Amino acid sequence: KKVKRKMLGIIEFIKEELLLHPYRFVFDLILLVFTAWVIFKPSYKLPKDVELSKEEAEELLEEWNPKPLTPAISEDTISNFKRNRIVVNGFPGAYIKLTSPVQKEVINFGTNNFLNLSENEENIANAREAIKFYGVGSCGPRGFYGSQRSHIDLEKIVADYWGSEECILYSFGFATIASVIPAFAKHQDLVIVDDRCDFSIQTGTKISRCKVMQFKHNDLNDLERILIKITKEDKKLAKIHTKQLRLIIVQGVYPTTGQICNLKRLVELRNKYKIRIVVEDSYGVGVLGKEGRGSLEHWGLKITEDIDILSFNLEHSFGSIGGVCVGSQEMTEHQRLNGLGYCFSAAQPPYTSICAANIIQNFPKNIDKLDRFKANNIYFETALTKALSGTKWNLSGSAPSPIFHISPQPLTESITREEYDTLIKYLENIQLNALNIGVAIQVPNRVDTEWVTYSPSIRVSVNSNHTKNDIDQGVQYLRQALESTPFPH
């Protein structure tokens, strides 16, 4: 009887709703039916088993034409790769031994091993001992099971040497600044960068999806113009964008042109316009400053007081691999949860962190190498300037920058892709000709996704083990290659 009364009550309620709210009742009924259909509908239909005869299966296999996983490589590309392939046997010191395209020992003007520390016998012995104890890899990211005592020691040594609160270690130099930027800058934030910054910085801004504004290469007056424009826009809105993170990202030494950024002037702009600064100093640390602390020491600046974030890799002056970011404790701890290269990449092999730690800890003992490099660098610039005087070639970069660029036209001029391809082929021919004569040089190539296509160049540098005779002879070989290589038609 109770069930019967409830059923009659429900029927009366439905009749009443249908009479008073017919449209709503129909809508509710449709919604109820649709919900029941979604809940009870199978998520997919099981395919029916189809049995093929042997002949049918073979016919289908013959007709199947799988698409390649990568685009086909042309014969021209393969032949160019074989022709331009340079194989080095041994350490990249003052001289290098080649096995391709020629088998000979040549003067090395294509080095990033500025202080020649990768050949340090004590360092090599430490690496061997570390491999015996730790093995060759870390087997996982730092946040899981890849963190070793050697990583923690290196972070402390770097933080102490640069006078910062803390340091965070990345396993790959390129990934360091490319991880630092998206760890802080998000899609609503603003990043102001030099238009000739290298590809690792461009990658970081792309990953972060932030708004990017570019100022002319190493032109801090143009940077101030942008900052004034932003300030005026803030005044129009009658408030400052407190929710928008704003960063200026520069390089202490620009590897794309060899020019040094005036960080002292940049700090003045930082204080005037209340904006944060990130300095990437991979080509400054180890070679600039009295004790090799890089661009900050060169300009008399301090981390956290003048610069918010300092990033650099360990792959040039410190004879190792990986990169570090130094600054405040809050900044580094934030990256341990948000730095892509820290969270998702295997940690640095322990033996490489031990090598870097030993070099940095004992760097005061290697000041003589730093002094020799500085003397060689000044002598090299003088020899290059004299050799290129009266020629069509432009020289970019000046000591104490460790990098010099030689180009057929100014590096800050944008060119078409066709012009670039012609010039890069010309410079690669010069590179091969120089190897045959007796000197190794670099010809950096661009990536298709870079912001702007600028004139390619020859990049040259020396290290602390070169003698004056090496430099004179190498510059003579280089000029000979420049003069004897015909321009492609």
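To be clear, the structure that these remarks concern was listed above.
Given the structure is predicted, the values throughout are model-derived calculations rather than measurements.

### Notes on the overall build of the chain
And step 1. If you tally the helices and strands in the chain, you get 18 helices and 14 strands.
And step 2. Its C-alpha atoms give the chain a radius of gyration of 31 Å, clearly above 23 Å, the size a compact globule of 489 residues would have.
And step 3. Along the first, second and third principal axes, the C-alpha set of the chain runs to 115 × 75 × 55 Å.
And step 4. Counting every position in the chain, which comprises 489 residues, the buried fraction comes to 47%.
And step 5. With the model as given, the accessible surface of the chain reaches about 26,800 Å², and the carbon-plus-sulfur share is 56%.

### Digging into the nonpolar core
And step 1. If you look at the biggest cluster of nonpolar residues, it comprises 86 residues, and the most contacted ones within it are Ile-192 and Val-460.
And step 2. With residues near it in sequence (within four places) discarded, Val-460 still touches Phe-109, Phe-380, Leu-384, Pro-402, Ile-403, Phe-404, Ile-406, Ile-441 and Leu-478.
And step 3. By size, the runner-up hydrophobic cluster in this structure holds 18 residues, among which are Val-191, Ile-201, Cys-210 and Ile-309.

### Some points on the sheet that holds strand S3 (residues 104-108)
And step 1. If you walk across this open sheet you meet the 4 strands as S1-S2-S3-S13, and the pairing is mixed. Looking at the sheet topology across the chains shown, the edges are occupied by strand S1 (87-89) and strand S13 (439-440).
And step 2. In the sheet, S3 pairs with S13 via 2 bridges, with the strands oriented parallel. Along S13, the bridge assignment pairs Asn-108 with Ala-440.
And step 3. Along the sheet, helix H18 (residues 468-484) contacts strand S2 (95-100), S3 and S13; its crossing angle with S3, the most-contacted strand, is approximately 100 degrees.

### Some remarks on the packing of helix H10 (residues 220-236) against helix H11 (residues 263-273)
And step 1. Two elements in contact, H10 and H11, have axes separated by 11 Å at closest approach and are oriented at 5 degrees. Judged by the angle between their axes, H10 and H11 are roughly parallel. Listed contacts from H11 to Leu-220, Asn-221, Leu-223, Glu-224, Leu-227, Ile-228 and Thr-231 of H10 are Arg-265, Leu-266, Leu-269, Lys-272 and Tyr-273.
And step 2. The residue makeup of the contact of H10 with H11, split by class, is 7 nonpolar, 2 polar and 3 charged.

### Structural notes on the sheet that holds strand S14 (residues 458-460)
And step 1. Strand order in the open sheet formed by 3 strands is S11-S12-S14, and the pairing between neighbours is antiparallel. Each edge of the open sheet is held by one strand with a lone partner, namely strand S11 (394-396) and S14. Pairs of neighbouring strands in the sheet enclose a mean axial angle of 25 degrees, with direction left out of account.
And step 2. Contacts from helix H16 (residues 367-388) reach S11, strand S12 (404-407) and S14 within the one sheet, and its direction differs from that of S12 by about 10 degrees.

### Section: helix H5 (residues 121-134)
Since the α-helix packs 3.6 residues into each turn, any two residues three or four apart lie on the same face.
And step 1. Counted at 1.5 Å a residue, the expected span for H5 with its 14 residues is 20 Å, and the 20 Å between its end C-alpha atoms agrees.
And step 2. Regarding H5, the residues found buried are Asn-123, Ile-124, Ala-127 and Ala-130. The buried side chains of H5 occupy one side of the element, clustering within an arc of 120 degrees when seen end-on. Projecting away from the buried face of H5 at angles above 90 degrees are the exposed residues Glu-121, Glu-122, Arg-128, Lys-132 and Phe-133.
And step 3. Close packing links the buried residues of H5 with helix H15 (350-361).
And step 4. Residue Asn-120 occupies the N-cap position of H5, its side-chain oxygen lying 3.0 Å from the main-chain nitrogen of Glu-122.
And step 5. Gly-135 occupies a position one or two residues after H5 and carries a positive phi of about 90 degrees.

### Here's the deal with H10
And step 1. Its 17 residues place the ends of H10 24 Å apart at the C-alpha level, agreeing with the 24 Å of an ideal helix rising 1.5 Å per residue.
And step 2. Among all positions in H10, only Leu-220, Asp-222, Leu-223, Glu-224, Ile-226, Leu-227, Ile-230 and Asp-234 are buried.

### Focus on the pairing of strand S4 (residues 166-170)
And step 1. Burial analysis of S4 places 5 of its 5 residues in the buried class, which makes it a mostly covered element.
And step 2. Direction of pairing for S4 relative to strand S10 (residues 323-327): antiparallel, over a ladder of 5 bridges. Following the sheet pairing, Leu-169 is matched in S10 by Val-324.

Rules used in this analysis
- Residues numbered from 1 in each chain as written.
- Predicted model: local features only at pLDDT ≥ 70, side-chain atom pairs only at ≥ 80, totals over all residues.
- Heavy atoms only, no water.
- Helix = DSSP H or I, 4+ residues; strand = E, 2+ residues; numbered from the N terminus.
- Rg over C-alpha atoms; globule rule 2.2 N^0.38 Å.
- Buried < 20%, exposed > 50% of the residue type's maximum accessible area, 1.4 Å probe, protein only.
- Areas by Shrake-Rupley, 256 points an atom, 1.4 Å probe, with all protein chains shown as cover.
- Core = buried A, V, L, I, M, F, W, Y, C linked by side-chain atoms within 4.5 Å.
- Contact = heavy atoms within 4.5 Å.
- Pairing = 2+ DSSP bridges.
- Axes fitted to C-alpha atoms, helices over the stretch in contact; angles between N-to-C directions.
- Parallel < 35°, antiparallel > 145°, perpendicular 65-115°, else oblique.
- Nonpolar A, V, L, I, M, F, W, Y, C, P; charged D, E, K, R; others polar.
- Expected span 1.5 Å × (residues − 1).
- Arc of directions from axis to C-beta.
- Polar contact = N/O pair within 3.5 Å; in protein donor to acceptor, adjacent residues only side chain to side chain.

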